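Residues per chain, in single letters:
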Amino acid sequence: MTIHVHQICLHNAVIENISEISLVTDMQTVTAKVQLAWNDMIETENESLRERVGDLEKKVLEQGDEIVCLRSTLADALRRLNQLEGSRTLSLNTSVLKNGNTPRAGNHYGGNGHHLISPTLSQKEVTLRYRSTNEHPVSALRDPVRRVPSHNSTHSSLPQRRAVHYQSTGSLHSDSPSSSSVSPVPPASPSPSPTRPATAQKSQRSNGTNLYNSKRWSSTGDFNQAQQFSVAPQSSTLASRLGTKSLLNLNLRTPTQQNHNHHYHQKHGTRDATYNNEEGSVRMFLRGRPINLYAPTADIATYDITKVATAPSSKLKLDWVYGYRGKDCRSNLYLLPTGEMVYFVASVAVLYNVEEQSQRHYLGHTDDIKCLTIHPNKLLVATGQTAGHDSREGKPHIRVWNSVSLATVVVLGLGEFERSISCLSFSKADGGSLLCAIDEGNDHNISVWDWQKNEKGHKITETKCSMDTVVAAEFHPLERNQIVTCGKGHISFWTLDTGGTLYKRNGIFETTRDRPKYVTCLAFTQNGDVLSGDSNGSVVIWSRGTNNIKKVARNVHEGSVFSICALKEGSIITGGGKDGKLIQFDTSMHPTGYEAQVAEHLGGIRTVSEGRGSQLLVGSTRNCILIGSLSMGFSPAVLGHTDELWALCPHPTLAQFLTAGFDRIVQLWDSLSHSVVWSKDIAEQAQSAAFSSNGHIIIVGCVSGKWIVMDSETREIYSTHVDGNEPIQVVKFSPDGQLLALGSRDNYIYIYQVTDGAKHYTRLGRCTCWEDKCRRRCSTGAIIDKLSGHSSFITHIDWSSDNEYLRSNSGDYELLYWKVKVCRQVPQSTQLRDVAWASNSCVLSFSTIGIWPEGADGTDVNACERSNKAKLMATGDDFGKVKLYSYPVKQPKSLCHSYGGHSSHVTNVTFLHDDSRLISIGGKDTSVLQWQII
């Protein structure tokens, strides 16, 4: 019994233990389940929180973009209102001037930096300021307003706040060097569509080069410079000063010859000009050679050589800029929040609104702009220029300017750079407080600037970047103080420490196969990885924060990858410089199947940037800008020339003009719609051109000695003629359209009879000396040589109004007269002193004495032209200036208005048929500038 009770007790105890164990197990299970549920709930909440934070970040970014856009739109609207007010004030002042109140003469630099004589116009300054809600009062935080004038602006300004995130405030109207214009809706026209023909096979042209042109026009895009070379600074300076920039430069002396003849004082220009009362002639000197110019009979008694001629009341305003520099520059095309594309050509930064067909221009630079970048706030633009003509303001430097007011904010590095600025980039992770620049000198130095510090900015550091060419430099968008550069055979990752020192790590290519000859472009993915394109046609992904390759996409393009654009939605667009293809990839560099092919005659892809919506902006290697999408294709918005320009002529009855140059392309432009009417490849380098008197026929003079007869509407070539094997420098129809004169570089003028509606030409002769015996005795003495026609190439010719005479200038500064019907020289210039001339393109004549500077050497003025109403004269010179004079310019001291915009020598100028506009063309800058006469 006792044992049985004991067993029962043990059994109950075991049951209780088991129950307790089961209870504990159940409690642990419940606890684990609760913990798991709690973790799941926390994870869910964290995920939800992350999603909400991500959504908020996206909204903040979107709202930031909207704020920037609204700010830009508001500022642009205020700018337009101020423009209207300014035009109203200008019209009132103009009406006062027309009523007889002439402003007092004086030499001023204002407005566009032109040499002006103008009344002072009072304008109301409108100011717009921004302040966030969490800021202290503006007066407590903002430094005193800093106004930094542009080189040719007397009072343009942009007040700014010293802060990490730049906020644009201040004046929204600008007297800075800028201009704007609006294009009317192009009229309906049966003309062919403005497409450029495929370029014919080019032949190599041998011409002399010099260090000056090599320095300013060397390409960092095509990588055709096989070796580096260095020149002593003295030699470089001399070559820059004495370089031949045009076909007019002759017989430049070597330094040894100059030192040997240093004691000899050679007379130049109009400084030593004298007037002979008895003969009624002015004697001036060019390169020491005396030139006698005979005054008309009516001016002999009253002419006073000491009198100073005033500048004209009319002025020029830059109306439109044709062309784009994509041939040898990259990353120079962006879309601003105002809907304007910003790019550059020559020394002009262009802001072009395609939808409104309007342009504005920043004219602060004095020579070629080589690079461009946009501030993270999308309002500020930085541009860098090369070395120029002026010893002080022509030095390489950087300009930061406001894209709304066109006011210069700061000028950086004047005198700090060796050659030119090839790359620029604002920092992005810190809101754009720093600016990186690459000097195109021998060491390709990289410098970092605190551009908001002091009135001239502060250079934080500078160090040698690479011995080889550097083609791109970009701040990392997510990493502070991280810079990536690339170029010939390298990609480098830079870190700027707190002490202002740059440290470099070169990218590591795992195999020889991966190492390209050139790393050509850079971009960044949304997660911070670096993308690089190279000359092998590959795209390489570099891991964020390292110098190691993450992935290589090989053979993306045939030839070099010239541009990579990472879109906001995450996809990546690559552009081929050789194959002309645009290809889309996803974030992992897998092709999406979307691609587009740009027409061959438009060139390869130079740069790609994101436009509105799904649109892309594409700059090409043939100086074209295209707009479109991968799905809809691309159409040209900007067309331009790609080589040196010399030929220019206006249509005799329409608001059109024709240009042609060494790129073998002839283009007809409409000045009202600002568009190309047609283009044609003539397979010959063009030197000169002219319209027939009715405008139906075009004559194009070529470098080879050929000249081509074309139809101005159908572009049909009727015939091709040859006169010698030297360039046809100038062609001109007689006023009645019955004769054609061609001036050649072989020193002769050829005369043709024109028949069959200017389609048929019969040669009448070649202008030579008055008597045959003079030619036979030509080599025996100087006196006979003077009667034997030109001894140098023909530069300019003019017809008399009665079609009987020609006058001509030559490369050795001669002015000769010719009897056309017999093709003989008129040796006595005094006999033709009262002849009326149908044009005045000869730079050496009595009516053009004043266009020559006091120290001119004969090659400074390349072209001149008289307006059709004979009230104005325009000139283009070797210093990139277009000048406007009152006609006739018969006083050695004649004031003028001087205008910049071209960066190379201005090779030609012309007035349109109604004198409403002036057209000028640059030589090597390939630009065409259209000026409105106001």
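Residues numbered from 1 in each chain as written. Predicted model: local features only at pLDDT ≥ 70, side-chain atom pairs only at ≥ 80, totals over all residues. Heavy atoms only, no water.

Caption draft 1: Focus on the sheet that holds strand 49 (residues 749-755). The sheet built from four strands is open, its strands ordered 47-48-49-50 with antiparallel pairing. The open sheet has two free edges, formed respectively by strand 47 (728-733) and strand 50 (760-766), since each of these has just one partner strand. Direction aside, the axes of adjacent strands within the sheet are offset by 25° on average. Relative to strand 50, strand 49 runs antiparallel, the two being bridged by six bridges. When the bridges of strand 50 are listed, Val754 appears paired with Tyr761. (Pairing = 2+ DSSP bridges. Helix = DSSP H or I, 4+ residues; strand = E, 2+ residues; numbered from the N terminus. Axes fitted to C-alpha atoms, helices over the stretch in contact; angles between N-to-C directions.)

Caption draft 2: Broad picture of the UniProt feature "repeat: WD" (unreviewed entry) in the protein. Taken from the UniProt record, the annotation "repeat: WD" (unreviewed entry) applies to residues 638-670, 721-762, 787-821 and 899-934. In residues 899-934, the share of helix is 0% and the share of strand is 53%. The end C-alpha atoms are 14 Å apart. (UniProt positions renumbered as here; feature names shortened; annotations may be inferred.)

Caption draft 3: Main features of the confidence of the model for the protein. With 75% of its residues at a pLDDT of at least 70, the protein reaches an overall mean of 80. For the stretch residues 198-266, pLDDT sits under 50, and the model shows 119 contacts to residues farther than four places along the chain or on other chains. (pLDDT = per-residue confidence, 0-100. Contact = heavy atoms within 4.5 Å.)

Caption draft 4: Molecular detail of the packing of aromatic side chains. Here the structure, examined in full by the defined rule, presents 16 aromatic pairs. Measuring from ring centre to ring centre gives 4.8 Å for Tyr275 and Tyr303, while their planes differ by 55°; the resulting arrangement is tilted. Of this pair, Tyr275 sits in strand 6 (residues 269-276) while Tyr303 sits in the loop between helix 6 (297-300) and strand 9 (308-309), placing them 28 residues apart in sequence. Exposure class is identical for Tyr275 and Tyr303. Each is buried. Ring geometry for Phe426 and Trp451: centres 5.8 Å apart, planes at 75°, overall edge-to-face. Of this pair, Phe426 sits in strand 19 (residues 421-426) while Trp451 sits in the loop between strand 21 (445-450) and strand 22 (458-464), and the two are 25 residues apart along the sequence. The two residues Phe426 and Trp451 agree in class, both being buried. Above the ring of Phe562, the side-chain terminus of Arg330 is found at 5.3 Å from the ring centroid. Its end group placed over the ring of Phe793, Arg745 keeps NZ or CZ at 4.1 Å from the ring centre. (Phe/Tyr/Trp six-rings, centres within 6.5 Å; stacked < 30°, edge-to-face > 60°. Buried < 20%, exposed > 50% of the residue type's maximum accessible area, 1.4 Å probe, protein only. Lys NZ or Arg CZ within 6 Å of the ring centre and 35° of its normal.)

Caption draft 5: Spatial organisation of the pattern of salt bridges. In this structure the tally under the stated criterion is 22 salt bridges. Between Glu474 and Lys428 there is a salt bridge, and its shortest N-O distance comes to 3.5 Å. With Glu474 in strand 23 (residues 470-475) and Lys428 in the loop between strand 19 and strand 20 (435-439), this pair connects stretches of sequence that are 46 residues apart. Its relative accessible area of 19% is what places Glu474 among the buried residues. The network of salt bridges with shared partners includes Arg289, Asp812 and Glu814. (Salt bridge = Lys/Arg side-chain N within 4 Å of Asp/Glu carboxyl O.)

Caption draft 6: Representation of the environment of Thr621. As for its position among the elements, Thr621 is in the loop between strand 36 (616-620) and strand 37 (625-629). Thr621 gets classed as buried once you look at its relative accessible area, which sits at 17%. Residues in contact with Thr621, not counting those within four places in the same chain, are Gly326, Lys327, Phe562, Gly603, Gly604, Ile605 and Arg606. Among the polar contacts made by the side chain of Thr621, one reaches the main-chain amide nitrogen of Gly604 at a distance of 2.8 Å. (Polar contact = N/O pair within 3.5 Å; in protein donor to acceptor, adjacent residues only side chain to side chain.)

Caption draft 7: Region of interest: the sheet that holds strand 51 (residues 794-799). Taken in spatial order, the four strands make up an open sheet running 51-52-53-54, and their pairing is antiparallel. In the strand order of this sheet, the two ends are held by strand 51 and strand 54 (824-826), each with one partner. Direction aside, neighbouring strands of the sheet carry axes that sit 35° apart on average.

Caption draft 8: Structural detail: unusual backbone geometry. Following Tyr887, the chain continues into Pro888 via a peptide bond in cis, with omega recorded as 0°. With respect to the secondary-structure elements, Pro888 resides in the loop between strand 57 (882-886) and strand 58 (893-894). The phi angle at Ser331 is positive, at roughly 50°, despite the residue not being glycine. One can find Ser331 in the loop between strand 10 (316-322) and strand 11 (334-335). Judged by its relative accessible area of 31%, Ser331 is partly exposed. At Asn454, a position not held by glycine, the phi torsion is positive, near 65°. Of the residues examined, Asn454 reaches a relative accessible area of 45% and is grouped as partly exposed.

Caption draft 9: Representation of a nonpolar patch on the surface in the model. A surface patch of nonpolar side chains, about 290 Å² in accessible area, is lined by Trp38, Met41 and Ile42. Structurally, Met41 can be placed in helix 1 (residues 2-98). (Patch = residues over 30% accessible without salt bridge, like charges linked within 9 Å, V, L, I, M, F, W, Y side chains within 5 Å. Areas by Shrake-Rupley, 256 points an atom, 1.4 Å probe, with all protein chains shown as cover.)

Caption draft 10: Layout of the pairing of strand 62 (residues 928-933). Counting buried positions along strand 62 yields five of six residues, so the element is predominantly enclosed. Where strand 10 meets strand 62, six bridges bridge the pair, whose relative direction is antiparallel. In the strand pairing of strand 62, Lys317 is matched with Gln932. Where strand 61 (residues 917-922) and strand 62 come together, five bridges link them in antiparallel fashion. Across the sheet, residue Ser920 finds its bridge partner in strand 62, namely Leu929.

Caption draft 11: The arrangement of the pairing of strand 27 (residues 519-524) in detail. Within strand 27, six of the six residues are buried, leaving the element largely enclosed by the surrounding structure. Looking at chain direction, strand 27 and strand 28 (residues 530-534) are connected through five bridges and run antiparallel. Bridging across to strand 28, Phe524 finds its partner in Val530. With antiparallel pairing between neighbouring strands as the criterion, strand 27 and strand 28 make up a hairpin whose turn holds five residues, including Gly528 at a positive phi of roughly 100°.

Caption draft 12: Here's a closer look at the environment of His444. As for its placement among the helices and strands, His444 is situated in the loop between strand 20 and strand 21. A relative accessible area of 6% means that His444 is categorised as buried. Among residues more than four places away in sequence, those in contact with His444 are Ile438, Asp439, Lys464, Cys465, Ser466, Met467, Asp468, Thr469 and Val470. Engagement of the side chain of His444 in a polar contact is seen with the backbone oxygen of Asn442, the distance being 3.4 Å.

Caption draft 13: Region of the structure containing the side chain of Ser422. Tracing the chain through its elements places Ser422 in strand 19. Residues in contact with Ser422, not counting those within four places in the same chain, are Lys370, Cys371, Ile438, Glu440 and Val470.

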